[in-house]
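Here is how the chains run, residue by residue.
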Amino acid sequence: MSKILILVENDYEDLELQYPKYRMLEEGMEVLVAGPQAKETYKGKKGYPCIADISFDQVAVDSMAALIIPGGYAPDKLRIVPKVLQIVQEFHKKGKIIAFICHGGWVPISAGVLKGVTCTSYIAIKDDLVNAGAQWVDKAVVQDRHFISSRHPNDLPQFCPAILQQLLAKK
């Protein structure tokens, strides 16, 4: 069974966390949500609560198969947390799946792992991605090596299958 890590902080985009979480669970994956504090409740932009299973300090990257970074306003908070950036860098060094959607791209930008990566995002952070050395394209889902990216909640029906397909290919 693959373990999936999802990052949470207040003001996450509700659908971009909950939809992938339940799709991964539906496929038999173990999903762990990591936040600043374990067992704390974080609220989405629309108020939907999410309880962190573990804290960022408890993340064991070696035991994880994929990282999912939802959008919303949460990535702007996550990108300044050194432990979060370290987690993203470890996933990258090990070639493990890093999936981000919407504003979630801010986190790998700040981790310094997107140079030369083709990806997409919400249009508002296109310049940020390009300035970080990424090649931005306007598509529902983009896969480049171990990176999977999408633009917004309407792309979730393409985003989640891309993650699952890559997980199956790595087995």
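Provided above is the structure to which this section pertains.
This report concerns the structure included in the present document. (Residues numbered from 1 in each chain as written. Predicted model: local features only at pLDDT ≥ 70, side-chain atom pairs only at ≥ 80, totals over all residues. Heavy atoms only, no water.)

Read across the open sheet, the seven strands follow the order β5-β2-β1-β6-β7-β11-β10; overall the sheet is mixed. Of all strands in the sheet, those bounded by a partner on one side alone are β5 (54-55) and β10 (141-144). (Pairing = 2+ DSSP bridges. Helix = DSSP H or I, 4+ residues; strand = E, 2+ residues; numbered from the N terminus.)

What follows covers helix α1 (residues 14-26). Between the first and last C-alpha of α1 there are 18 Å, a value that for 13 residues agrees with the 18 Å anticipated at 1.5 Å per step. Those residues of α1 that fall on the buried side of the exposure criterion are Asp14, Glu16, Leu17, Gln18, Pro20, Lys21 and Met24. Gly28, located one to two residues past α1, shows a positive phi value of around 85 degrees. (Expected span 1.5 Å × (residues − 1). Buried < 20%, exposed > 50% of the residue type's maximum accessible area, 1.4 Å probe, protein only.)

Before going further, it helps to spend a moment on the environment of Leu32. Summarising the element assignment, Leu32 is placed in strand β2 (residues 30-35). Take Leu32: its relative accessible area is 16%, and that puts it in the buried class. Sequence separation between Leu32 and Lys126 is 94 residues, and the spatial gap between their C-alpha atoms is 29 Å. When sequence neighbours within four positions are dropped, the list of residues in contact with Leu32 reads Lys3, Ile4, Leu5, Ile6, Asp53, Ile54 and Met64. (Contact = heavy atoms within 4.5 Å.)

Here we come to the pairing of strand β6 (residues 66-69). Side-chain direction in a regular strand flips from residue to residue, so the side chains alternate between the two faces of the sheet. On β6, burial covers both faces: Ala66 and Ile68 on one face and Leu67 and Ile69 on the other are all buried. The sheet contact formed by strand β1 (residues 3-7) and β6 spans three bridges and is parallel. Considered in β6, the bridge of Ile4 is made with Ala66. Strand direction decides the pairing type here: β6 and strand β7 (residues 97-101), joined by four bridges, are parallel. Across the sheet, Leu67 pairs through a bridge with Ile98, a residue of β7.

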